[in-house]
Amino acid sequence: MKIKGLLVFLAVLQIFFSREESVLAGGENFGLGPLEIRPQFLVNQPFLAMSPENTLTLKDGESRLSFGLEISNTFVNTQGPTGQITKTETARGLTLTDFLDKDGNTVNGFSLYLDAESKRKKIKYRYGLSDSLEFKLELPFVSLDGGTMDSTIESVHSMIGISNFKKGGAYRALSERNQYDYYVVKDGQFVFASTKQIYNVRGEPNMDLKWNLSEGGKVMPAASIKLSYKFANTDRSGEQKLIRSGGVDWGHYFILSKGFDNWIVYFGDGQTRIGNDHGFASSLFHRFMSMEYRFSEEDSFVFQTVSQSSIFPTSSASSRSTSGENQEQRNSNLSVPTSVSAFGYKFLSDLIFWETGFVQDYNNFGNETDFVLFWEMGVHW
Amino acid sequence: MLYFALQYGNQDTGSPAPVVGSKDAYLSTLENIHGPLKENREVSPKVLSFDFYKTSGSFASGFGLEVHSYNKSYSFENDDSSVNLSAVGLLYGLNFYYRGDFWYPFMGFGTGNYSVKVEEQLTTEGSTTYGTVFGQVDKPFYYKFGVRIPLNGIGIVFTQQYISADLKVETENKPLSLGGTASFIGLYYAF
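Just so it is clear, the structure is predicted and the values come from calculations on it, not from any experiment. (Residues numbered from 1 in each chain as written. Chains lettered and ligands numbered in written order. Predicted model: local features only at pLDDT ≥ 70, side-chain atom pairs only at ≥ 80, totals over all residues.)

### Re the overall build of chain A
Each helix and strand counted, chain A has 5 helices and 16 strands in total. Across the 381 residues of chain A, 45% fall into the buried class. A separation of at least 24 residues holds for 68% of the contacts in chain A among residues at least 6 apart in sequence. (Helix = DSSP H or I, 4+ residues; strand = E, 2+ residues; numbered from the N terminus. Buried ≥ 20, exposed ≤ 12 C-beta atoms within 10 Å, placed from the backbone. Contact = placed C-beta atoms within 7 Å.)

### Looking at the overall build of chain B
Counting secondary structure elements, chain B contains 1 helix and 12 strands. Reading the helices (α) and strands (β) of chain B from amino to carboxyl end gives β-α-β-β-β-β-β-β-β-β-β-β-β. Principal-axis analysis of the C-alpha atoms gives chain B an extent of 65 × 25 × 25 Å. Burial statistics for chain B: of 191 residues in total, 46% are counted as buried. When contacts within chain B are restricted to residue pairs at least 6 apart in sequence, long-range pairs at least 24 apart make up 65% of them.

### Description of the environment of Arg-126 of chain A
Residues and elements named next belong to chain A. Relative to the helices and strands, Arg-126 is located in strand β2 (residues 110–130). Linking Arg-126 and Leu-65, residues 61 residues apart in sequence, is a C-alpha distance of 6.5 Å. Setting aside chain neighbours within four positions, we find Arg-126 in contact with Leu-58, Ser-63, Arg-64, Glu-134, Phe-135 and Lys-136.

### Describing the confidence of the model for chain B
Regions with low pLDDT should not have their predicted coordinates read in detail. All names here are of chain B. For chain B, the average pLDDT comes to 91, and 100% of its residues sit at 70 or higher. At the low end of the mean pLDDT range in chain B sits strand β7 (residues 127–137), at 86; at the high end sits strand β2 (residues 42–43), at 96. The ipTM assigned to the predicted complex is 0.79, against a pTM of 0.84. (pLDDT = per-residue confidence, 0-100.)

### Overview of the interface of chain A and chain B
Often the size quoted for an interface is simply the accessible area lost on bringing the parts together. On the chain B side, the residues contacting the 27 residues of chain A number 25 residues. Among the secondary structure elements, those contributing two or more residues to the side of chain A that touches chain B are α1 (2–17), β10 (263–273), β11 (283–294), β12 (299–308), β13 (320–321), α5 (324–329) and β14 (338–348) of chain A. Grouping the constituent residues of the side of chain A that touches chain B by class yields 10 nonpolar, 12 polar and 5 charged. Two elements, β13 of chain A and β7 of chain B, share 2 bridges in a ladder whose sense is antiparallel. (Nonpolar A, V, L, I, M, F, W, Y, C, P; charged D, E, K, R; others polar. Pairing = 2+ DSSP bridges.)

### Digging into the pairing of strand β4 (residues 181–186) of chain A
Residue and element names in this part refer to chain A. In terms of burial, β4 is largely enclosed, as 6 of its 6 residues are buried. Alternating residues of β4 divide into Asp-181, Tyr-183 and Val-185 and Tyr-182, Val-184 and Lys-186, and every residue in both groups is buried. Alignment of β2 against β4, held across 6 bridges, turns out to be antiparallel. Within β4, the position partnered with Ser-111 by the bridge is Val-185. Note that β4 and strand β5 (residues 189–194) share 5 bridges and pair antiparallel.

### Regarding helix α1 (residues 26–34) of chain B
All names here are of chain B. Listing the buried residues of α1 in full gives Tyr-26, Leu-27, Leu-30 and His-34. All buried residues of α1 project into a common sector of 85° when viewed along the axis, lining one side. Among the structural elements, β4 (59–75), β5 (82–98), β6 (104–124), β10 (166–169) and β11 (174–177) are those in contact with the buried residues of α1. One or two residues past the end of α1 sits Gly-35, with phi positive at roughly 95°. (Arc of directions from axis to C-beta.)

### A word on unusual backbone geometry
All names here are of chain A. If you check the backbone angles, Asp-261 has positive phi at about 55° while not being a glycine. Inspection of the secondary structure assignment puts Asp-261 in the loop between β9 (249–260) and β10. A positive phi angle, close to 55°, is found at His-278, a residue other than glycine. As for its position among the elements, His-278 is in the loop between β10 and β11. According to the C-beta neighbour criterion, His-278 is partly exposed, with 17 such atoms within 10 Å.

### Notes on the confidence of the model for chain A
Residue and element names in this part refer to chain A. Looking at chain A as a whole, the pLDDT averages 86, with 89% of positions reaching at least 70. The least confident element of chain A, judged by mean pLDDT, is helix α2 (residues 19–25) at 37; the most confident is strand β3 (residues 133–145) at 96. This stretch, residues 8–26, has a pLDDT under 50; its non-local contacts, to residues over four places away or in other chains, come to 19 contacts.

### Brief notes about the pairing of β10 of chain A
Residues and elements named next belong to chain A. Across 11 bridges, the pairing between β9 and β10 is antiparallel. Bridging across to β10, Gly-259 finds its partner in Ile-264. Bridge count between β10 and β11: 11 bridges; the pairing is antiparallel. Residue Trp-263 lies in a different strand from β11, and its bridge partner there is Tyr-293.

Laid out in structure tokens, this is it:
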């Protein structure tokens with residue numbers, strides 16, 4: 001532990017002492033940046049979520065206006081192992097008794113039945129307050145519906161030998177495709193229970209301030225810190241509570257980038273503090289690593305991994321059971337951190353900005369999306 | 001320059017990484033109830049790695065990404081209890097190379113994450129309990145050193161690696177080491 005602390009200390013120390021070298025370095029540690037995709041898991045949607053970002057900021061007086069769309073497919077059925085929730089139960093509407101365990105006992109902690117696609121549209125405006133300080137304002141609009149991707153995902157599972165009747169395939173085969181159901185149960189009580197699809201509900205805006213601390217040099221990385229603040233909208237009537245937390249959230253990301261010829265590596269570590277958590281986690285920890293390969297000055301390929309702690313706090317649920325199938329219902333796999341990988345393409349010309357890619361989970365925990373597609377395009381001046 | 005490598009070797013998860021590691025307690029706690037382990041703590045990971053670096057004279061610095069994967073089953077002397085472990089580690093970090101005439105020694109350090117599944121089937125006085133714990137170690141730390149011997153584009157790589165990655169297994173609330181001390185040998189291809 002002392003070694004780790006020492007390395008972090010030395011890295012931070014050298015960042016401050018490398019300023020003179022970095023001015024001469026001329027931006028060799030900057031690329032087009034990581035993929036700016038936030039966690040899309042349904043239960044995370046009302047809260048602030050820190051997204052990876054470039055260390056580079058817009059220059060003084062520069063602006064960028066962009067529009068983005070993030071489509072994610074989520075399917076979680078914690079009652080799948082016992083077959084308690086299938087097409088039959090969802091057709092009649094789920095009740096709390098569907099979330100008891102097979103012996104009729106209340107399941108401690110969280111139980112989920114999530115079958116939805118979310119479409120998160122966002123309008124972003126950035127402005128360079130100085131050559132190293134950037135301001136951003138983002139306004140999301142969120143739709144939740146049954147979507148169209150279920151059959152494709154099930155086909156991909158089948159193609160690579162994953163059964164949709166088992167945990168690896170999330171028990172998808174027990175349910176109808178492209179349906180919308182959003183149920184979250186905690187200690188035997190509904191937190192969310194909705195089958196009403198919603199379209200373009202305005203979420204809570206957030207603003208960021210990003211400061212490029214150092215451009216780095218031949219040895220040291222560039223470094224930036226980003227602070228984010230989500231405004232509260234206390235109107236959570238009806239299905240709006242699925243989109244708005246009604247509380248102020250804020251967070252930070254410390255980001256490093258280092259160039260190795262055509263390759264740029266990014267690393268970020270951050271945290272989100274949730275103001276009004278509604279019984280979910282009060283803070284989230286984030287970490288990302290991106291590798292960008294620059295085809296040219298204008299376009300890049302990016303591979304990225306992102307780890308994040310769970311929105312579900314650790315509960316008193318026991319991880320052991322005298323029945324193997326009942327054990328799977330217990331929420332030991334909901335409160336653990338999770339990771340996703342992402343691939344994408346970025347383009348930046350004098351006027352146009354464009355980013356596209358997809359995200360895939362690889363842990364198969366119940367606190368993450370199955371599949372995310374995203375686009376963002378904009379203009380800058 | 002790019003290196004792509006496949007490596008294989010032994011990793012003693014019961015031998016903590018010097019300085020950064022600590023002794024775990026999960027399996028020893030189960031041993032107190034179910035008897036000594038029949039197997040040793042060694043696992044055999046397969047390692048797929050991808051490194052790129054920039055040279056400056058005889059020295060080079062770069063970034064590496066490596067995927068470690070292994071499975072292990074443990075059983076106990078006194079009863080039919082068993083624990084199955086599946087782990088996948090995605091590790092990344094900085095590497096530093098010296099480019100000699102015939103061999104390229106290197107060292108590196110970094111972090112990443114481990115995704116883990118621990119399946120227990122424990123028998124006590126005739127009754128059996130089941131436990132499945134999914135987990136992630138999201139702040140492991142590793143350091144390593146080794147040597148590459150180039151042979152016309154392809155080459156041989158030897159790596160000695162020390163990994164600190166402890167998972168707290170919820171059923172016992174005790175740490176289980178996924179890292180330890182590892183020795184790998186493999187082939188690489190330089191692009």
